[in-house]
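Each chain, written out:
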Amino acid sequence: MLLTVLLVAAVVINAPSMVARGYGFYYRLTVNRLPQMPLAGERLLVLSPHPDDESLCCAGAIQQVLKRGGEVWVLWFTSGDGFEWDAALLGDTLRPQGRASLELGQRRMGEARLAARRLGVPPDHLIFLGYPDRGLRALLERHPQGTPYRSHLTLVSHVPYADALSPGAPYTGESLRRDFRRVLERVQPTLVLAPSPRDAHADHRAVGLLAQQEVAAERLRFWIVHGGLEWPLPKGLHPQLPLEPAPRGKGLPWQRLPLSPEERTAKLEALQAHASQMRLLARFMQAFVRQNELFSPRGE
Ligand SMILES: [Zn+2]
């Protein structure tokens, strides 16, 4: 009995072609009814909690804004230096603290630069803040000012990366907010793509809430990457399928942004630039290469 359940679950999650056709039929009914997101030659700022989110959520939107004569900036809040298993693999240690985590952060910033280049974003429009992976919420809620937060992975309590916006800045909510405001001031975005406060990842929710506090609502659109219940299904590369709204985003006014086949190819290549993540999460990441991306004018 258990074996049967596991077998059916494996088929549904990974979807051989017949099951994928079933998904396609169902998704087209729901996704085609969604209104299309209007997108012009914006000054677009993509808020990316970790290196890879920018491509997962928004690779299509980034390409389309550039094609329409707009400008794009990407802002990474963390450098992804808190992925324990990843740092363990790269550092050949089971307790990847300190240096191995910092090296992972450096490596992931390099991967993010490659991904952005594939999407056509110029190098001087890429901004890294260097705040702690898996620490953003603690920083904003428990360390607004005063004693900084200390990452249990990198073991530092300040921005450790020389090429970040404010190297040496303490890990406090105050300095995170100050950096974010500096970027908004510099970019003057007409459109900001932010993680939804409904996303399952605490860092994503923290960035979404910060965006709601600091950016005028009419300029904000939200996306979800950690959408709950194994979303997006099926896992793996299915660029012919639509992307349907995530379970955690139920009830939000989703708009779809259709991607051309060329834009889907560039999205896949941008994801492949995140080699350290693809090694561990390829089938999850590939599942975002679909006919469309989804954005909501409401975060929650
Ligand atoms: Zn993320």
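Here's what I pulled together on the structure shown here. (Residues numbered from 1 in each chain as written. Predicted model: local features only at pLDDT ≥ 70, side-chain atom pairs only at ≥ 80, totals over all residues.)

Focus: the sheet that holds strand S5 (residues 220-223)
Pairing within the open sheet is parallel, and its 5 strands lie in the order S3-S2-S1-S4-S5. Either end of the sheet is taken by a strand with one partner, and the two such strands are strand S3 (126-131) and S5. Averaged over all pairs of adjacent strands, the angle between strand axes in this sheet comes to 20°, irrespective of strand direction. Pairing geometry for strand S1 (residues 43-48) and strand S2 (residues 71-78), over 6 bridges, is parallel. Looking across to S2, one finds that arginine 43 is bridged to glutamate 71. Across the face of the sheet, helix H8 (residues 202-214) comes into contact with S1, S2, strand S4 (191-195) and S5 while running at roughly 145° to S4. (Pairing = 2+ DSSP bridges. Helix = DSSP H or I, 4+ residues; strand = E, 2+ residues; numbered from the N terminus. Axes fitted to C-alpha atoms, helices over the stretch in contact; angles between N-to-C directions. Contact = placed C-beta atoms within 7 Å.)

So, the environment of phenylalanine 295
Summarising the element assignment, phenylalanine 295 is placed in strand S7 (residues 292-295). Using a count of 25 C-beta atoms within 10 Å as the deciding quantity, one classes phenylalanine 295 as buried. Taking the C-alpha atoms as reference, phenylalanine 295 lies 8.4 Å from proline 253; in sequence the two are 42 residues apart. Excluding residues within four positions of it along the chain, phenylalanine 295 makes contact with Met37, Leu193, Arg221, Phe222, Trp223, Gln255 and Leu257. (Buried ≥ 20, exposed ≤ 12 C-beta atoms within 10 Å, placed from the backbone.)

Considering the environment of arginine 137
Position of arginine 137 among the secondary structure elements: in helix H6 (residues 136-141). Setting aside chain neighbours within four positions, we find arginine 137 in contact with Ala202, Asp203, Arg205 and Ala206.

Details of the pairing of S4
Each regular strand carries side chains that alternate between the two faces of the sheet. The buried fraction of S4 amounts to 5 of the 5 residues, a majority that puts the element mostly inside the structure. Residue alternation in S4 divides its side chains into two sets, Leu191, Leu193 and Pro195 and Val192 and Ala194, and both sets are buried. Both S1 and S4 contribute to a ladder of 3 bridges, which runs parallel. Within S4, the residue paired with leucine 45 across the bridge is valine 192.

Focus: helix H5 (residues 99-119)
An ideal rise of 1.5 Å per residue puts 30 Å on 21 residues; H5 measures up with 31 Å between its terminal C-alpha atoms. Of the residues one or two after H5, glycine 120 is the one with positive phi, at around 95°. (Expected span 1.5 Å × (residues − 1).)

Here's the deal with the nonpolar core
Counting residues in each nonpolar core, the largest one holds 66 residues, and the members touching the most others are Val46, Leu47, Ile62, Val74, Leu75, Leu193 and Trp223. Ranked by the residues each element gives to this core, the list is headed by helix H3 (residues 53-67), at 7 residues. If we ignore the near neighbours within four places in the chain, the residues touching valine 74 are Val46, Ser48, Glu54, Ala116, Val121, His125 and Leu126. (Core = buried A, V, L, I, M, F, W, Y, C linked by C-beta atoms within 7 Å.)

Considering unusual backbone geometry
That bond from tryptophan 231 to proline 232 is cis: its omega, -5°, falls within 30 degrees of zero. Here proline 232 is to be found in the loop between S5 and strand S6 (255-258). With an omega dihedral of -15°, the bond running from leucine 233 to proline 234 counts as a cis peptide bond. Summarising the element assignment, proline 234 is placed in the loop between S5 and S6. Positive phi is not limited to glycine here, since arginine 134 has a value of about 65°. Residue position: arginine 134 is located in the loop between S3 and H6. The residue glutamine 188 is not glycine, and still its phi comes out positive at about 50°.

Bear in mind that shape data such as this cannot, by itself, settle questions of function.
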